[in-house]
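Listed below are the residues making up each chain.
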Amino acid sequence: MVRVSVTKGMVVAVLVLESFYLLASLKKLADLEEECEGKSQKAVADNRQVKEEAWPPIYIITPTYKRTTQIADMTRMSQTLMHVPNLHWIVVEDALKTSDVVRELLVRSGLPFTHLCATMPDEYKDKPMMGKGVFNRREGIRWLRENAREGVLYFADDDNSYDIRLFEQMRTTRKVSVFPVGMILSLGVSSPIIRDGKVVGFHDAFQAGRKFAVDMAGFAINLRVLHANPDATIPLRLSYLEDGFLRRLRIELEDLEPLAWGCTQVLVWHTKTHRPGTPKMEHIAHTDFDTNLVELYNNMLR
Ligand code: UGA
Ligand code: MN
């Protein structure tokens, strides 16, 4: 009887010891696994950083002007661009001086940016058929010519909608890349026509003698092309801004590089923000002058 109970005690002791040993081993394994995972994650992150630093920068020129929908549009745009690495945002206000509201928005975004302004000189103001946002885009181009050597330029209007995959794709632009733009004119799309991998024309409701029937949002340019044509600029004539600029850059149809999977997908849309009524101080009832509404309107009307 005694012999049996001693053996049982020993077995229990061995079992307890073994359990401790097993637990310790398991813990060691878990630690090791964690360490390995951390290392491989770090390797992925390092690799991504190296890749991102090697990528050519994308310079986005955005013309913008004061209106009731401006901050909504610019907030959406800035928060889209915040997802794109190695990007420099050139925001050019259509104004005689830059505004605090736009500057504060740019600072909040944390993006590298350049904040400029330029507007249409008075002598052009009464002329018909003048394109929008030309002088401010030209100012952005001037800044680029003086400050950037390599990279890719894209004109991004403040009210369009962008799929961030477009920015990754345009980094490969060697001369000029082209891609479809959704929600344009009567066809609801403007796209290069691709046959056997080459651009052979444009599916766009507005042809009107344009060699390049593209929207401003439908192409990106390698800065080499800009530097090789130091006098090329955006023309003034409404509806001919894109065509005129590409012609002045001495681009030919065969130079165009189709993106967006051979122009089979839409990655940018020509959205237009609905214009609601304009907030005005006189909309506040006298009985509400001691409420938040005064400050709210003050903030909106800055
Ligand atoms: C269309 C094209 O998509 C634009 O690229 C082209 O510049 C414009 O037509 C044109 O007619 O020239 P659309 O949506 O009709 O665009 O024009 P907006 O979005 O009103 O303006 C295009 C860009 O220029 C915007 O970023 C806007 O903020 C800016 N803009 C507009 C100015 O800087 N100043 C203005 O007086 C008007
Ligand atoms: Mn627009």
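Before going into details, it helps to say that this report is about the structure given with it. Not measured: the values here are computed from a predicted model.

Topic: the pairing of strand E4 (residues 152-155)
Side chains of E4 alternate between two faces, with Val152 and Tyr154 and Leu153 and Phe155 buried alike. The pairing of strand E1 (residues 58-64) with E4 spans 4 bridges and is parallel. Bridging from a neighbouring strand, Ile61 pairs with Phe155 of E4. Sheet analysis places E4 next to strand E10 (residues 219-222), joined by 3 bridges and oriented antiparallel. Counted as the bridge partner of Leu153 is Ile221 from E10.

Examining the pattern of salt bridges
On inspection of all chains with the given rule, the structure shows 15 salt bridges. Ionic pairing is found between Arg76 and Asp73, a salt bridge with its closest N-O pair at 3.2 Å. Here Arg76 pairs with Asp73, and both are found in helix H2 (residues 70-81), just 3 residues apart, close to one helical turn. In this structure Asp73 comes out as buried when scored by relative accessible area, which is 2%. Ionic pairing is found between Glu252 and Lys211, a salt bridge with its closest N-O pair at 3.1 Å. Residue Glu252 is located in the loop between helix H7 (241-248) and strand E11 (256-258), and its partner Lys211 is located in the loop between strand E9 (198-203) and E10; the two are separated by 41 residues in the primary sequence. Under the relative-accessibility criterion, Glu252 is labelled partly exposed at 36%.

Describing the layout of surface pockets
In this model, the largest pocket occupies a volume close to 920 Å³. Lining the largest pocket are 32 residues; nearest its centre among them are Lys132, Arg137, Asp157, His270 and Lys272. For the lining of the largest pocket, the secondary-structure elements that each account for two or more residues are E1, helix H4 (134-147) and H7. Per-class residue counts for the lining of the largest pocket are 10 nonpolar, 8 polar and 14 charged. Quantified by volume, the second largest pocket comes out at close to 390 Å³. Along the walls of the second largest pocket sit 16 residues, with Ile71, Asn299, Met300, Leu301 and Arg302 positioned nearest its centre.

A short note on the environment of His203
Tracing the backbone shows His203 in strand E9. It is 5.7 Å that separates the C-alpha atoms of His203 and Ser190, two residues lying 13 residues apart in sequence. Look past the residues within four positions of His203 in its chain and what remains in contact with it is Leu187, Val189, Ser190, Ser191 and Ile193.

Definitions and cut-offs
Residues numbered from 1 in each chain as written. Chains lettered and ligands numbered in written order. Predicted model: local features only at pLDDT ≥ 70, side-chain atom pairs only at ≥ 80, totals over all residues. Heavy atoms only, no water. Buried < 20%, exposed > 50% of the residue type's maximum accessible area, 1.4 Å probe, protein only. Helix = DSSP H or I, 4+ residues; strand = E, 2+ residues; numbered from the N terminus. Pairing = 2+ DSSP bridges. Salt bridge = Lys/Arg side-chain N within 4 Å of Asp/Glu carboxyl O. 1 Å grid on protein atoms, 1.4 Å probe; cavity = no way out; pocket = protein on both sides within 12 Å on 5 of 7 lines; lining within 4 Å. Points joined across faces, edges and corners; volume = space filled by probe spheres on them. Nonpolar A, V, L, I, M, F, W, Y, C, P; charged D, E, K, R; others polar. Contact = heavy atoms within 4.5 Å.

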